[in-house]
Amino acid sequence: MSVTPEQQAEIDALRAQTRPTLRAVSDGMEAHLYKAIPVLDHGFVRVIDYMGDDAAICQAARVSYGKGTKSVQNDEGLIRYLMRHWHSTPFEMCEVKLHVKLPVFVARQWIRHRTANVNEYSARYSILDREFYIPDPSQLAAQSVINNQGRGEALTGEEAARVLAYLKGDAAQCYDHYEEMISQEGQQGLARELARMNLPANIYTQWYWKVDLHNLFHFLRLRADSHAQYEIRVYAEAICEVVRDWVPAAYGAFEDYRMGGATLSGKALECIRRMLKGEEVTQETSGMSKGEWREFQGVIL
Ligand SMILES: Cc1cc2nc3c(=O)[nH]c(=O)nc-3n(C[C@H](O)[C@H](O)[C@H](O)COP(=O)(O)OP(=O)(O)OC[C@H]3O[C@@H](n4cnc5c(N)ncnc54)[C@H](O)[C@@H]3O)c2cc1C
């Protein structure tokens, strides 16, 4: 379960309170505020707060006194221009604060993105819940033979059943010992900050994560990408849907130039020019390494 009925009631109560504001409001984002979007088996992402909208990006770019917007088309054109030319600071004027519940091994990848502000649930102060990420059988895959950082085919039959039993059994046993160590009958028990070292990396943690739109796009480009591990990618994909509703013009430009676009080296561009002139270019005549050529072909074919 991603949120308990009590937590849902708190979310509903917050959503029931409304008040007028003079600040920029994104209707798409208001629809998301506080709601938990389920991710994996017990995780979620939910928007706690945000600042700015598409117009705020244009307002900052034009350093305007008023709303700074012109026509919608004009604003969209400006946003696309800014994205195309890596003019990043206007995008930094928008911010979002997310509450994320995620397995610890996913959190380790996520925390590498340093350009955000984080406050995590304290397992020194509080007791972690008995909640572990157990992959869906479709995600229980073998080590890839072609990519050291990837997965191959899903395990099946007895092997899949054995792996699932290990994951569930080991997590349960570790948690039993954790609980036992911190709650010795009549005694103080082991300190929580020590007992937690016995917990596996698939236990869930939670944090508030605040980031500006420019750095969020950087995170999404890396983590919503097919090369990212599935378990962090599903969080990034959930955030993509939120950002699409929050700043539709900026997200559209990001999707087009960053997610859908590609960066070409000087050699790659030269090859394209030669190909356009009708020349047959091969890896040997391209000046590129085998790896570069393979990636180049992946982009143009
Ligand atoms: C598919 C994939 C595989 C990966 N594999 C590994 C791995 O095997 N091992 C591993 O250790 N990591 C790995 N990473 C993590 C990766 O190397 C980055 O640490 C992570 O993606 C964060 O990127 P970032 O530093 O650009 O982001 P952020 O920390 O958000 O930084 C954004 C940008 O700000 C600038 N910046 C931020 N802090 C500094 C600083 N202190 N000094 C200079 N510039 C700064 C840089 O330009 C940076 O690109 C992997 C990431 C991905 C997506």
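Residues numbered from 1 in each chain as written. Predicted model: local features only at pLDDT ≥ 70, side-chain atom pairs only at ≥ 80, totals over all residues. Heavy atoms only, no water.

### Observations regarding the environment of Gly261
Note on placement: Gly261 falls in the loop between helix H10 (248–259) and helix H11 (266–276). As a C-alpha pair, Gly261 and Ile272 span 11 residues in sequence and 16 Å in three-dimensional space. (Helix = DSSP H or I, 4+ residues; strand = E, 2+ residues; numbered from the N terminus.)

### Topic: the nonpolar core
In this structure, Trp110, Leu213 and Leu216 are the most contacted members of the largest nonpolar core, which totals 51 residues. The element that contributes the greatest number of residues to this core is helix H9 (residues 230–246), accounting for 10 residues. Residues Leu140, Leu155, Leu164 and Tyr175 belong to the second largest nonpolar core, which totals 15 residues. (Core = buried A, V, L, I, M, F, W, Y, C linked by side-chain atoms within 4.5 Å. Buried < 20%, exposed > 50% of the residue type's maximum accessible area, 1.4 Å probe, protein only.)

### Overview of a nonpolar patch on the surface
The grouping of Leu264, Leu269, Val299, Ile300 and Leu301 at the surface amounts to a nonpolar patch, some 430 Å² of accessible area in total. Take Val299: it is sitting in helix H13 (residues 290–300). (Patch = residues over 30% accessible without salt bridge, like charges linked within 9 Å, V, L, I, M, F, W, Y side chains within 5 Å. Areas by Shrake-Rupley, 256 points an atom, 1.4 Å probe, with all protein chains shown as cover. Salt bridge = Lys/Arg side-chain N within 4 Å of Asp/Glu carboxyl O.)

### Some points on the sheet that holds strand S7 (residues 204–212)
Strand order in this open sheet of five strands is S1-S2-S3-S7-S4, and the pairing throughout is antiparallel. Whereas interior strands pair on both sides, the edge strands pair on one side only; in this sheet they are strand S1 (36–39) and strand S4 (117–120). With direction set aside, neighbouring strand axes in the sheet form an average angle of 20°. Summarising the sheet, S1 and strand S2 (residues 43–51) pair through four bridges and their orientation is antiparallel. Following the sheet pairing, Ala36 is matched in S2 by Arg46. Each of strand S3 (95–103) and S7 touches helix H8 (residues 213–223); the most contacted strand, S7, lies at about 130° to it. (Pairing = 2+ DSSP bridges. Axes fitted to C-alpha atoms, helices over the stretch in contact; angles between N-to-C directions. Contact = heavy atoms within 4.5 Å.)

### As for the environment of Glu10
If you trace the backbone, Glu10 turns up in helix H1 (residues 5–16). Between the alpha carbons of Glu10 and Tyr34 there is a distance of 9.4 Å; along the sequence they are 24 residues apart.

### Quick look at the domain arrangement of the chain
The domains assigned to the chain are domain 1 (5–133 + 202–259), domain 2 (136–200) and domain 3 (266–300). On a C-alpha basis, the centres of domain 1 and domain 3 stand 37 Å from each other. (Domains from an automatic or database assignment.)

### Describing the site of the ligand
The environment of the ligand is formed by Arg112, His113, Arg114, Thr115, Gln149, His218, Leu222, Arg223 and His227. Note that an oxygen atom of the ligand is positioned 2.6 Å from one of the backbone N or O atoms of Arg114. Here an oxygen atom of the ligand and a side-chain polar atom of His218 are 2.6 Å apart. Relative to its unbound accessible area of 940 Å², the ligand is 49% covered by the protein chains. Taken together, the residues of the shell around the ligand break down into one nonpolar, five polar and three charged. (Near = heavy atom within 4 Å. Polar contact = N/O pair within 3.5 Å; in protein donor to acceptor, adjacent residues only side chain to side chain. Nonpolar A, V, L, I, M, F, W, Y, C, P; charged D, E, K, R; others polar.)

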